[in-house]
Amino acid sequence: MYTLSFDFLRQYYPMLLQGAGVTLLLTVCSLALGFLLGIIVAIMRRSSSKIFRAIGAVWVEVLRNTPFLVQLFFFYYGLPELGINTNPILTGIIALSVNISAANCEVIRSGLMAVKNGYYECAYALGYSKFQTLRYFILPISLRIAFRPLTNNFINLVLNSSATFSITIVELMGSAKIISAYTSRPFEIYIIILVGYCIFTFVLSFISKYVDKRIAINL
Amino acid sequence: MQAFEKYRSLRLLDSLQFLRGIGVTLEVTLLSIAIGTFIGIILGIIRCSKNKAVSSLPLIYIEPLRNSPLVTQLFLVYYGIPMITNWMPSAFTCAVLTLSLNTGAFFAVLVNNSIKAIPQGQWEAGYALGHGKTSVFIHFIVPQAFRLLIPQAVTLYIGQLQCSSYVALISLIDLTKTGETISLRTMMPFVCWGIVFALYFIISFPLSKLAQYLEKKNEFAY
Amino acid sequence: MIEVKNITKSFGDLTVLKNFTVNFKEEGVTVILGPSGTGKSTLLRCINGLENIDSGDILVDGLSVNDKKNLRHIRLNCGMVFQQTVLFPHLDVMHNMTVSPIKLLKLSKKEAEERAEFYLNKVGLISKKKSRHNELSGGEQQRIAIARALMMNPKALLLDEVTSALDPEMSSEVLNILEKLAADGVCMLAVTHEMSFAKKVASRILFLDKGSLVCDEPVERFFRETRNENERISRFLNFIGE
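Below or above, wherever it landed, is the structure these notes cover. Just so it is clear, the structure is predicted and the values come from calculations on it, not from any experiment. The residue count restarts for each chain, going from 1 along the sequence in the order it is written. Naming scheme: in the order in which they are written, chains are lettered from A and ligands are numbered from 1. Residues qualify for local features only when their pLDDT is at least 70, as the model is predicted, and side-chain atom pairs are given and counted only at 80 or more; totals for whole chains, interfaces and linings, by contrast, use all residues. Side-chain calculation: all heavy atoms of the structure are included, whereas hydrogens and water are not.

Strands are runs of DSSP state E lasting at least 2 residues, helices are runs of H or I lasting at least 4, and numbering of each runs from the N terminus. When its secondary structure is counted, chain C shows nine helices and 10 strands. Buried means the residue's accessible area, taken with a 1.4 Å probe over protein chains only, is under 20% of the maximum for its type, while exposed means over 50%, and partly exposed covers the values in between. Considering chain C as a whole, with its 242 residues, one finds that 55% of them fall into the buried category. Note on definitions: a residue-residue contact is assigned when non-hydrogen atoms from the two residues lie within 4.5 Å. Put simply, 64% of the contacts in chain C that link residues at least 6 apart link residues at least 24 apart. Here the Shrake-Rupley method, with its probe set to 1.4 Å, supplies the accessible areas, and only the displayed protein chains count as covering residues. When the accessible surface of chain C is summed, it comes to about 10,600 Å², and 47% of that surface belongs to carbon and sulfur atoms. If the 33 positive side-chain charges of chain C are averaged to one point and the 32 negative ones to another, these points end up 4 Å apart. Charge assignment: positive for Lys and Arg, negative for Asp and Glu; neither His nor the chain ends contribute. Lysine's charge is taken at NZ, arginine's at CZ, aspartate's at CG and glutamate's at CD.

Okay, here's the thing in structure tokens:
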């Protein structure tokens, strides 16, 4: 009979913490970059130019219909072939942000669509330019509408980031893999990080619910 | 020129390998979404129970699976189960097992949401006509919930197809693993990953268009 | 046929019906009047067993709503139509009408369809039998909902503000149908704000305020005398422009 033992944690917990730190770095950087990309692509998809709209549509469809892991490998092995040399962490951040940008774009786009024409007309009538209207009225309103789904995307980003160990990044999952090799206690270590991810995402969604209540507006 | 020749002679064999990869990917995906859908329907209906204790019971299963990475779940099953039991499941079994459980968790939420999305008035209209709870559920709620569910289910299935690529990490030779193997051998990562990219896209793009179409078509304006 | 015995119903701290007692016979049209939020709709929903009552009892045909086993019989005897039109969106008009008689009254498909056609003729919508709810106007949907309730041959129809979600033109469409049904002798219990309907069709008026019965009288007396005798009622009637 196998007995569970978590004794190895005493020796290896700094490694796990370090891994969690790398996960945090990856996700926070990709969050910011992916958010920015998402807004840009969303505005492209709403633009009056056919070419912009087409680029936006292709961007979203390709990213949504291919696995993250393949995108990750594509960047990791493909970029050097194009002569772009990066380190794994940067590749990871790029892949994660590009991947999340598609989902962000769709969420922001439906936020934009939820803002009725009346708001545009109202702002134009007050003398605001097109850009000012977007900057001061439309985006703030749509981003509030999109807040909840955006945080869901962020949770997905955190979960997806665990795949980046496959391009040699030692984030939470990567460190778990190493510890499992050292200690031969895979069950315990994977259970621990599974629970760790759960706690992390629970906290995130709790915060997002709280913030959403504060900023919610009903159109 | 020599390098080119070498690549050309490999092409036929490679395409066969890619085909086999697609086969494994589809096999894992289809099996696990079938099992997962079954699990999800049962848990989703339990989730709709009026009794709080009963309805929150499936959360013990659903939440950990939805809130942790599939990769971790795969590793837990693949490396963990042989450690704590005498059972040594193959990579394929582990992949199907994990993906099924994972799909089940997500599907349960879809089922629950679709049923809850039917307005209370529909239940009451059924009751007022003299139907019992089960009769209202079967004749009025299920057909409506089903139409709401279908496009979301297709979207989930596409997601699970893509998630199935993670099984490559427990060395099951699916489409992704095939891509990796061939790209390492031919040293043409850009082309190889491009092919894998395209293959996944070709499978899932029509499905996602179908989901969009169904969503528009099945919408009810109450 | 319907005996409401001393019922109390509250939602949280708000008591909607307080020690409420009233009887309905199986005849004529009773109109229930009163300001908003005085428990008129709740009364109908309690009779139909859609709300649990806190205390007291309601007997329909001698069967208590407190016993869940009776609910089916009670609901088959009291057809109900709601303020918000509720057709089943996944079924066309004909199936909306026939599904319940087939499943609950064990009618054959043919019988059910014949009966449906009879009632569709009655509400003047036989041409719409293949339509879906989104191809019908609000008034048409409400007429179908009335016909659908009649399909079960109920002894009484409970009408919960069936015209208040409709614009005037459509609501007069619906009221005309109700008038016709009343002339055919269908027993109705209607919560409404349509005074002209009450005057023309009702035989009895109940006036509710703050969860209790203020008056229960024949329609002639209500509009001729009671409205001048009772200050609360006259204020209400003046307020809604009667």
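Two faces belong to every sheet, and in a regular strand the side chains alternate between them. Residues and elements named next belong to chain C. Going residue by residue along strand β8 (residues 188-191), you find Met188 and Ala190 tucked away on one face and Leu189 and Val191 tucked away on the opposite face as well. Only strands joined by at least two bridges in the DSSP assignment are considered to pair. Bridge count between strand β3 (residues 29-33) and β8: four bridges; the pairing is parallel. Along β8, the bridge assignment pairs threonine 30 with leucine 189. Both strand β7 (residues 156-160) and β8 contribute to a ladder of four bridges, which runs parallel. Following the sheet pairing, leucine 159 is matched in β8 by alanine 190. For the handedness criterion, the strands are oriented away from the viewer, and a crossover whose path from the first strand over the helix to the second runs clockwise is classed as right-handed. For the handedness criterion, the β-α-β arrangement of β7, helix α6 (residues 168-183) and β8 is classed as right-handed.

We now examine the packing of aromatic side chains. Working definition: a ring pair exists when centres of Phe, Tyr or Trp rings (six-membered ring for Trp) sit within 6.5 Å. Plane angles under 30 degrees give stacked, over 60 give edge-to-face, the rest tilted. By the definition in use, this model includes 24 aromatic pairs over all chains. Taking 4.9 Å as the distance between ring centres and 75° as the angle between the ring planes, the aromatic pair formed by tyrosine 78 of chain B and tyrosine 79 of chain B counts as edge-to-face. Summarising the aromatic geometry, the rings of phenylalanine 201 of chain B and phenylalanine 205 of chain B are spaced 4.9 Å apart at their centres and angled 20° between planes, so their arrangement reads as stacked. Here phenylalanine 201 of chain B and its partner phenylalanine 205 of chain B are both found in helix α9 (residues 189-218), four residues apart, which amounts to about one turn of the helix. A relative accessible area of 22% places phenylalanine 201 of chain B in the partly exposed class. Here a set of aromatic residues connected by ring pairs shows up, and it is made of Phe165 and Tyr190 of chain A together with Phe75, Tyr78 and Tyr79 of chain B. Between lysine 199 of chain C and the ring centre of phenylalanine 223 of chain C, over which it is positioned, the NZ or CZ distance is 5.3 Å. Here, a charge over a ring is recorded when the distance from Lys NZ or Arg CZ to the ring centre is within 6 Å and its angle to the ring normal is within 35 degrees.

Here we take up the nonpolar core. What is meant by a nonpolar core is a set of buried Ala, Val, Leu, Ile, Met, Phe, Trp, Tyr and Cys residues, joined one to another through side-chain atoms within 4.5 Å. Counting residues in each nonpolar core, the largest one holds 84 residues, and the members touching the most others are Leu69, Met173, Tyr190 and Ile193 of chain A together with Val71, Phe75 and Tyr166 of chain B. Residues contacting leucine 69 of chain A, with those up to four places away along its chain left out, are Ala163 and Ser166 of chain A together with Ser165, Tyr166, Ala168, Leu169 and Thr176 of chain B. Judged by nonpolar contacts, the second largest core, of 54 residues, contains Ile118 of chain B together with Val4, Ile7 and Phe20 of chain C.

On the side of chain B, 19 residues touch chain C, which itself brings 24 residues to the contact. Carbon and sulfur atoms make up 65% of the surface buried where chain C meets chain B, a total of about 1,800 Å² over both sides. Residue glutamate 124 of chain B is joined to arginine 45 of chain C by a salt bridge in which the shortest nitrogen-to-oxygen separation is 2.4 Å. Counting of polar contacts relies on pairs of N or O atoms within 3.5 Å, with two restrictions inside protein: one atom must be capable of donating a hydrogen and the other of accepting it, and residues adjacent in sequence are counted only when both atoms are side-chain atoms. Counting every contact that joins chain C to chain B gives five residue pairs in polar contact (both at pLDDT 80 or more). For the side of chain C that touches chain B, the elements supplying multiple residues, two or more each, are α2 (71-77), β6 (78-81), α3 (93-104) and α5 (138-150) of chain C. The term buried area denotes the loss of accessible surface (1.4 Å probe radius) that occurs when two parts are joined, taken as the sum for both partners. Salt bridge criterion: a side-chain nitrogen from Lys or Arg within 4 Å of a carboxyl oxygen from Asp or Glu.

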